[in-house]
Amino acid sequence: MEIIGIEFDGYFLPYEDDGTSTAHYRSFMIYCINNHFHQIIMMPELNRWFSLAQNDPVFGAAVKYNRVSGCNGIYYSTHYGTEQKIRNMYQIAEILQLDLFVHILED
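Residues numbered from 1 in each chain as written. Predicted model: local features only at pLDDT ≥ 70, side-chain atom pairs only at ≥ 80, totals over all residues. Heavy atoms only, no water.

Asks: What exactly am I supposed to notice about the environment of Phe 8 here?
Replies: Examined against the element boundaries, Phe 8 turns out to sit in strand β1 (residues 2–8). The exposure class assigned to Phe 8 is buried, which follows from its relative accessible area of 7%. For the pair Phe 8 and Leu 100, spaced 92 residues apart in sequence, the C-alpha separation works out to 5.0 Å. Beyond its immediate sequence surroundings of up to four residues, Phe 8 is in contact with Leu 13, Phe 28, Tyr 31, Leu 98, Asp 99 and Leu 100. (Helix = DSSP H or I, 4+ residues; strand = E, 2+ residues; numbered from the N terminus. Buried < 20%, exposed > 50% of the residue type's maximum accessible area, 1.4 Å probe, protein only. Contact = heavy atoms within 4.5 Å.)

Written out as C-alpha cells, the structure is:
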C-alpha cells in the first residue's frame, strides 16, 4: 500500500521529496503545523503526534533512528508504517475537524 495523494475539500496537498508515503505524511504534518499551530499547542489530545521537544519520549524509537522531523518548532515522528501513517492522519484530521481523504494505491 502506498499513499499517492492527500485531499482536503477537493484540494490536493502538494508533497515534497520523492512522492513516497513518508513524503505525503510529512506534507500533511507540515500543513497541520502551519495552519493549526495554536490548536496543536493547546490540545492535549494531539500530544501523541506533536511535541515541542525533538527528543520527546512520545516518539519512542523514532528518536534513536533519526525519524523525527520538525517545522516551526513543533516536532513529529515519521517512524510508522504506511497503514499507521494513514490512521494517524485521519485521527489528527478528526481532532482538527479537517475534511480529509487519503488516496492510496493497493499492492
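Asks: What is the right way to read the environment of Trp 49 from this model?
Replies: Within the fold, Trp 49 resides in the loop between α2 (37–42) and α3 (61–64). A relative accessible area of 4% means that Trp 49 is categorised as buried. Considering only alpha carbons, one finds Trp 49 and Gln 91, 42 residues apart in sequence, at a separation of 10 Å. Trp 49 has contacts with Tyr 25, Met 29, Phe 59, Tyr 75, Tyr 76, Ser 77, Tyr 80, Asn 88, Gln 91, Ile 92 and Ile 95, leaving out every residue within four places of it along the chain.

Asks: I would appreciate a short explanation of the sheet that holds strand β5 (residues 100–105) in the present structure.
Replies: The strands that make up a sheet pair up through hydrogen bonds in the backbone, lying either parallel or antiparallel. The 3 strands lie next to each other as β2-β1-β5, forming an open sheet whose pairing is antiparallel. At either end of the open sheet lies a strand with only one pairing partner, and these are β2 (11–12) and β5. Pairing between β1 and β2: 2 bridges, direction antiparallel. The residue of β2 that forms the bridge with Glu 7 is Phe 12. In the packing of helix α1 (residues 21–35) onto the sheet, the strands contacted are β1 and β5, and the crossing angle to β1 comes to about 25 degrees. Running over the sheet, helix α4 (residues 82–96) touches β1 and β5 and is turned about 165 degrees from β5. (Pairing = 2+ DSSP bridges. Axes fitted to C-alpha atoms, helices over the stretch in contact; angles between N-to-C directions.)

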